[in-house]
Amino acid sequence: MGTGILTIDLDALAANWRALDRLSRGETGAVVKADAYGCGIDRVAPRLVREGARRFFVATAEEGAALRAVLGPGPEINVFSGHMSGDTGLIRDHALTPMLNSPEQAARHRAALPDAPYGVQLDTGMNRLGMEAADWAATRAGLEAGPLTLVMSHLACADEPDRAENAAQLKAFTQMTTGVTVPRSFSATGGILLGPDYQFDLTRPGIGLYGGLPYAAAQPVVRLSLPVIQIRDVAQGEFVGYGGGFIAERPTRIATVSAGYADGLIRYMSSAAQLFDGERVCRLAGRVSMDLLTVDITDLPEPPEHIDILGPQQGVDALAEAAGTIGYEILTSLGPRYQRRYIGG
């Protein structure tokens with residue numbers, strides 16, 4: 001069975017970073033967690049270094065260690081989950097900078113690695129990660145006396161500019177960090193687009209680098225082309241796939257395509273997603289199964305060898321809409337069976 005080809009355009013990714021850097025009033029870092037949103041840190045992170053990124057963000061210390069192996073010494077690697085129990089060796093050996101989320105993490109880090117740098121993440125209303133105002137007030141003097149590198153928080157509703165929560169979180173972050181002498185970071189992609197008031201000293205673009213919303217001006221980064229295994233003619237009234245999810249309303253030509261929910265093409269998109277042969281639209285016919293899709297190609301002039309499900313005609317967010325999800329999930333779900341091909345520098 002053939003496998004799909006996932007093409008990742010590093011030039012487009014670099015152009016997205018440069019564009020978001022121009023929109024940012026201070027330094028621009030990059031979020032490369034989840035293997036650079038499924039695009040591959042081994043290729044993405046070095047290209048971003050070439051563009052000028054010097055501060056990177058990952059989710060866990062294990063991701064940080066993998067990134068350090070790619071980048072070598074020099075770039076700063078920040079860990080959103082902070083200093084978890086058992087992380088000390090990874091933080092020390094790979095020169096990672098944990099974003100401390102609680103007084104307990106702060107005590108752990110200062111006791112285990114008293115000379116090692118750290119940042120602090122504040123909770124400004126999202127109630128997910130970070131120190132609340134009282135915890136920060138109680139620990140601030142001691143933390144500022146050590147090798148503190150960054151104070152950050154995260155917006156909950158940045159992709160919805162009119163939400164009142166954005167201004168409330170900005171007010172809280174400003175109040176909690178007044179007088180801080182190290183750089184402050186508040187904005188990922190959506191926060192950058194909210195404007196200079198939200199940007200502070202360092203921005204952390206993530207999804208916008210990879211072609212996703214809310215950065216509507218992003219260049220598309222990924223293309224997913226799926227091989228056609230078999231083509232068959234289906235008579236009017238016959239069904240296709242599990243549960244008879246598609247019933248032909250006319251004589252129909254069906255292409256069986258190599259990819260399925262095991263490859264990150266979410267089952268919810270059954271009978272709703274569209275694929276493309278060049279500019280021509282083909283509809284998914286029936287259910288997504290583990291390894292296969294069935295596609296209505298009746299109106300194509302010639303049977304295709306491959307059909308695209310991601311590309312210039314349909315980005316990750318458009319496919320996500322058909323799947324009842326968001327572009328982040330589409331990107332980070334793209335499975336290991338695809339052949340990854342890189343274009344650009």
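In short, a report on the structure. None of these values were measured; they are calculated from a predicted model.

Details of the overall build of the chain
- Along the backbone of the chain there are eleven helices and 19 strands.
- Its C-alpha atoms give the chain principal-axis dimensions of roughly 75 × 40 × 35 Å.
- Across the 345 residues that make up the chain, the buried fraction comes to 52%.
- Considering only residue pairs separated by 6 or more positions, the chain has 64% of its internal contacts joining residues 24 or more positions apart.
- Accessible surface, the chain: about 15000 Å² in total, of which carbon and sulfur atoms supply 51%.
- Placing the 30 positive and 39 negative side-chain charges of the chain at their respective mean positions leaves the two points 3 Å apart.

Observations concerning the pattern of salt bridges
- Evaluation of the coordinates by the stated rule reveals 15 salt bridges.
- The closest approach of N and O atoms between Arg253 and Asp233, which form a salt bridge, is 3.0 Å. Of this pair, Arg253 sits in strand E14 (residues 252-258) while Asp233 sits in strand E11 (residues 222-234), and the two are 20 residues apart along the sequence.
- A single salt-bridge network, built from bridges that share partners, covers Asp11, Arg18, Arg47 and Glu51.

A short note on the side chain of Thr252
- Note on placement: Thr252 falls in strand E14.
- The class for Thr252 is buried, based on a relative accessible area of 4%.
- A polar contact of 2.7 Å, which involves the side chain of Thr252, links it to the backbone oxygen of Arg250.
- If we ignore the near neighbours within four places in the chain, the residues touching Thr252 are Arg232, Asp233, Val234, Phe246, Asp296 and Thr298.

Structural notes on helix H1 (residues 10-23)
- In this model H1 runs 20 Å from its N-terminal to its C-terminal C-alpha over 14 residues, within 8% of the 20 Å that 1.5 Å per residue would give.
- Listing the buried residues of H1 in full gives Leu10, Ala12, Leu13, Ala14, Ala15, Asn16, Trp17, Ala19 and Leu20.
- In this fold, the buried residues of H1 make contact with strand E1 (5-9), strand E2 (27-28), strand E3 (30-31), helix H3 (41-51), helix H9 (189-194) and strand E19 (339-343).

A short note on the sheet that holds strand E7 (residues 118-121)
- What the nine strands build is an open sheet, ordered E2-E10-E9-E8-E7-E6-E5-E4-E3; its pairing is parallel. Taken across any chain shown, the strands that pair with only one partner, and hence form the sheet edges, are E2 and E3.
- One ladder, built from three bridges, connects strand E5 (residues 76-79) with strand E6 (residues 96-100); its direction is parallel. Paired with Ile77 across the two strands is Leu96, which belongs to E6.
- Each of E6, E7 and strand E8 (148-152) is contacted by helix H7 (residues 133-145), which is oriented at about 165° to E7, the strand it contacts most.
- In this fold helix H8 (residues 164-177) packs onto E8 and strand E9 (184-187), with an angle of close to 175° to the strand it touches most, E9.

Brief notes about the environment of Asp123
- Position of Asp123 relative to the elements: it lies in the loop between E7 and H7.
- Judged by its relative accessible area of 11%, Asp123 is buried.
- In this structure, the C-alpha to C-alpha distance between Asp123 and Gly211, residues 88 residues apart in sequence, is 28 Å.
- Each residue touching Asp123, except ones within four places of it in the same chain, is listed here: Leu129, Gly130, Met131, Glu132, Ser153 and Met176.
- Engagement of the side chain of Asp123 in a polar contact is seen with the backbone nitrogen of Met126, the distance being 3.1 Å.
- One polar contact links the side chain of Asp123 to the main-chain amide nitrogen of Asn127, over a distance of 3.0 Å.

The rules behind these values
- Throughout, residues of each chain are indexed from 1 in the direction in which the sequence is written.
- Given that the model is predicted, a residue must reach a pLDDT of at least 70 before its local features are reported, and side-chain atom pairs must reach 80 or more before they are shown or counted; all residues, however, enter totals for whole chains, interfaces and linings.
- The basis for the side-chain values is all heavy atoms of the structure; hydrogens and waters are excluded.
- Helix and strand definitions follow DSSP, with helices as H or I runs of at least four residues and strands as E runs of at least two, each counted in order from the N terminus.
- Partly exposed describes any residue whose relative accessible area lies between the buried limit of under 20% and the exposed limit of over 50%, with all areas from a 1.4 Å probe on protein chains only and scaled to the type maximum.
- Any two residues whose heavy atoms approach within 4.5 Å are treated as being in contact.
- Accessible areas in this description were obtained via Shrake-Rupley with a 1.4 Å probe; residue shielding takes into account the shown protein chains only.
- When charges are counted, Lys and Arg are positive and Asp and Glu negative, with His and the chain ends excluded.
- The atom standing in for a charge is NZ when the residue is Lys, CZ when it is Arg, CG when it is Asp and CD when it is Glu.
- What makes a salt bridge here is a side-chain nitrogen of Lys or Arg within 4 Å of a carboxyl oxygen of Asp or Glu, nothing more.
- Here a polar contact means two N or O atoms within 3.5 Å. Within protein one must be a hydrogen donor candidate and the other an acceptor candidate, and residues neighboring in sequence count only if both atoms are side-chain atoms.
- Helices are assigned an expected span. That span is 1.5 Å times one less than the residue count.
- We treat two strands as partners when DSSP finds at least two bridges between them.
- Axis angles are defined between N-to-C directions and span 0 to 180 degrees, where every axis is a line fitted to C-alpha atoms and, for a helix, only to the segment in contact.

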